[in-house]
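# Structural features, examined
Below are the chains, spelled out letter by letter.
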Amino acid sequence: MKILLLLLLLLLFLSQAESQAAPKPNFVLIMADDLGIGDPGCYGNKTLRTPNIDRLAKEGVKLTQHLAASPLCTPSRAAFMTGRYPIRSGMASQYRTGVFLFLASSGGLPESEVTFARLLKNQGYETALIGKWHLGTHCRNNSDFCHHPSSHGFDYFHGIPVTNLRDCKPGQGSVFTSAIRLLVFVPLQVIAIALLTLAALRRLGLLHVPGPVFVCLLCLAAGILGALLGFLHYFRPLNCLLLQNRHISQQPLSYDNLTQRLTEDAAAFIRRNAGTPFLLVFSCLQVHTALFASKDFAGKSQHGAYGDAAEEMDWSVGQILNVLEELRLTNNTLVYFSSDQGAHVEEVTTRGDIHGGSNGIYKGGKGNNWEGGVRVPGLLRWPGVLEAGLEVHAPTSNMDIFPTVVTLAGAALPQDRVIDGRDLMPLLRSPSPPSHSEHEFLFHYCNFYLNAVRWHPRNSSSIWKVFLFTPNFTPEGANGCFLTHVCFCHGRFVTRHEPPLLFDLSKDPRESSPVTPSTEPRFWEILEVMQRAADRHARTVQEVPNQLSLQNLLWKPWLQMCCSSASGLSCQCDQEKQDRGGSP
Ligand SMILES: *[C@@H]1O[C@H](CO)[C@@H](O)[C@H](O)[C@H]1NC(C)=O
Ligand SMILES: *[C@@H]1O[C@H](CO)[C@@H](O)[C@H](O)[C@H]1NC(C)=O
């Protein structure tokens, strides 16, 4: 009897000890924007200084084949948040524009999607997203916030709802407005010529158009022209603003001490929640253009404005790690660092300054599915749980964060839908890293279109990648689509391959020479296996409303947010503290 009691006590003690030893971990997920795998020091860069990112690699696990689910911001982030290929949530465009450009667009991550933030919030986590969202804001009116982070499980949001663009920073030139000018220039000319012809015919008496109809037509044309010019003029205040939760805190957004402001806010969130499990998604605005850096970093790097911005972002990562350290949260926090896609190699200013990063040895970049577009930095640190300095070469995806984080938080994965990500913990915790992950096949979409398939056969070291089509680089011979600024995914912008182009990345990571039936005797066999995998995958993809349809991409005046001041609606306000380290 006594022994039984003792045993019981022991059991009780053990279970207690276990529950104390394993409180729920915190998560800090850092997502850089357009940072290339050739940028951080820990991936081989010797001149760009990223000591804090490198520290994560030294103290944690480095993934060398970590893949963005899409080479473009909006779809990649949608996949990251949901653990699913973007096509499943309708976040894959069938048109040229693959991302949201306007705050007042009606597309966005559907409320029916489940983000890891929502599942963690249900597990008692405090959740915040600080920085860039880019997954939509409103549906029907400018106060429904149906796509806003707060509708997707984030208790707190501070940052930009759309994206950082050159057009947001005076003097940085314009990518978007010049594209629009290009697009509307022709239709405008057509309208003008049509009207002039009409006027001439009328004058000559060859055509009878009643006066009032003619005046109406003129007014209509003038109205369209006026609206367009007005919109281009007001692009910045209308689209470049900072939100704090659902309120505008700065319109237009100011770049002064912007990194400091967001970093401090992230630190404050961690401090507020040091006693509860928390999830912080720190989604850096850098190193997307418009590039910016504060006084301490401007002009300090060896790589111009791009290097300054990257080094400041690294500083920001360091600040967050320091706060974890200071609050003794390091050992109980899983830190993840990645980039939403590869570096934007076409970002070169008219003066010739390189404003895009480096994809190291890899071909292509943002916007295409060559390795440079999708192979991104991937670092995970959790001292005591993950072995410091470990390198994992097996294919992993940014969609894997979803099941990893959800499982660690003790939540169940949604059973009513396909989750494409795989829990990383078995791979990362294994005493010697296996060469194979759970991903035997990975599918690379260019917007809506299946572009390439990756196959890491279970019994082989080969990594096959097959391209159904490839983007037409312009000018010919370039490493990107410089004439259109980003590669497009269909029509005359791509070349279809029949038979598809096949590479073995384990031997040819630069994707420089495709294998052929004469160099690879199993050529047809390999293609067939991959084709069958693509067919199986295609059968799991259901048709859903397209969030990036033209209708959903358009600017809709009734969805526009605009802050009011004492003098009425001015679309100008500033409630941000710009003083770095300013008084609380
Ligand atoms: C390091 O990064 C800079 C900035 O992106 C780039 O210009 C340089 O080529 C990179 N170096 C290497 C070795 O990739
Ligand atoms: C940025 O922060 C610095 C340091 O605190 C401060 O001196 C400066 O005034 C701030 N800049 C702006 C525009 O507020």
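By convention here, each chain's residues receive numbers from 1 onward along its written sequence. Here chains are named by letter from A upward and ligands by number from 1 upward, in the order in which they appear as written. In view of the model being predicted, local features appear only for residues whose pLDDT reaches at least 70, and side-chain atom pairs are presented and counted only at 80 or more, with totals across whole chains, interfaces and linings using the full set of residues. The side-chain values count all of the structure's non-hydrogen atoms but skip hydrogen atoms and water molecules.

### Notes on the site of ligand 1
The local shell around ligand 1 consists of Gly38, Asp39, Asn45, His303, Tyr306, Gly357 and Ser358. Residue Asp39 places a side-chain N or O atom 2.6 Å away from an oxygen atom belonging to ligand 1. The contact in question runs from an oxygen atom of ligand 1 to an N or O atom on the side chain of Ser358, over 3.3 Å. The fraction of the free accessible surface of ligand 1 (360 Å²) that becomes covered by protein chains is 64%. In this classification, the charged set is Asp, Glu, Lys and Arg, the nonpolar set is Ala, Val, Leu, Ile, Met, Phe, Trp, Tyr, Cys and Pro, and all remaining amino acids, among them Gly, are polar. A class-by-class count of the residues in the shell around ligand 1 yields 1 nonpolar, 5 polar and 1 charged. Here, proximity means that at least one heavy atom of the residue falls within 4 Å of the molecule or strand. Any N or O atom pair separated by 3.5 Å or less is treated as a polar contact, with the protein-specific requirement of one donor-capable and one acceptor-capable atom, and with residues adjacent in sequence counted only for side-chain atom pairs. Note on areas: these come from Shrake-Rupley sampling with a 1.4 Å probe, and a residue is covered only by the protein chains present in the view.

### Observations concerning the pairing of strand E6 (residues 247–251)
Within E6, 4 of the 5 residues are buried, leaving the element largely enclosed by the surrounding structure. Alignment of E6 against strand E18 (residues 573–574), held across 2 bridges, turns out to be antiparallel. Within E18, the position partnered with Gln250 by the bridge is Asp574. Only protein chains enter the area calculation, which uses a 1.4 Å probe; residues under 20% of their type maximum are buried, those over 50% are exposed, and those in between are partly exposed. Under the DSSP-based scheme used, a helix requires at least four consecutive residues in state H or I and a strand at least two consecutive residues in state E, with every element numbered from the N terminus. Here, a strand pair is defined by DSSP locating no fewer than two bridges between the strands.

### Focus on the confidence of the model for the chain
Per-residue confidence from the predictor is given as pLDDT, running between 0 and 100. Residues with a pLDDT of 70 or more make up 92% of the chain, whose mean pLDDT is 92. For residues 17–21, every residue scores under 50 in pLDDT, and the model assigns this stretch 0 contacts once sequence neighbours within four places are set aside. What makes two residues a contact is simply this: any of their non-hydrogen atoms within 4.5 Å.

### What about the packing of helix H8 (residues 258–272) against helix H9 (residues 304–326)?
Throughout, an axis means a line fitted to C-alpha atoms (over the contacting stretch in the case of helices), and angles, computed between N-to-C directions, take values from 0 to 180 degrees. Where H8 contacts H9, the two axes come as close as 10 Å, and the packing angle between them is 20°. Considered as vectors, H8 and H9 are oriented roughly parallel to each other. By crossing handedness, the relation of H8 to H9 is classed as right-handed. From H8, Thr259, Gln260, Thr263, Ala266, Ala267, Ile270 and Arg271 reach across to H9, where they touch Glu312, Trp315, Ser316, Gln319, Ile320, Val323, Leu324 and Glu326. The cut-offs work like this: below 35 degrees is roughly parallel, past 145 is roughly antiparallel, 65 to 115 is roughly perpendicular, and the gaps in between are oblique. Helix crossings get a hand from a simple test, with the near helix turned counterclockwise from the far one by less than a right angle marking a left-handed crossing and a clockwise turn marking a right-handed one.

### Observations regarding the packing of aromatic side chains
Only Phe, Tyr and Trp rings are paired, with Trp represented by its six-membered ring, and only when their centres lie within 6.5 Å; those with planes under 30 degrees apart are stacked, over 60 edge-to-face, the remainder tilted. Enumeration over the complete set of coordinates arrives at 17 aromatic pairs. Their ring planes at 55° and their centres at 5.0 Å tell us that Tyr255 and Phe292 sit as a pair that is tilted. Of the two residues, Tyr255 sits in the loop between E6 and H8 while Phe292 sits in the loop between strand E7 (278–283) and H9, which places them 37 residues apart along the sequence. For Phe292, a relative accessible area of 6% translates into the label buried. Members of the aromatic cluster, each reached through a chain of ring pairs, are Phe80, Phe116 and Tyr336. It is Arg272 that lies over the ring of Tyr156; its NZ or CZ is 5.4 Å from the centre. Sitting above the plane of the Trp370 ring, Lys363 keeps its charged end 3.9 Å from the centroid. Any Lys NZ or Arg CZ found within 6 Å of a ring centre and within 35 degrees of that ring's normal is scored as a charge over the ring.

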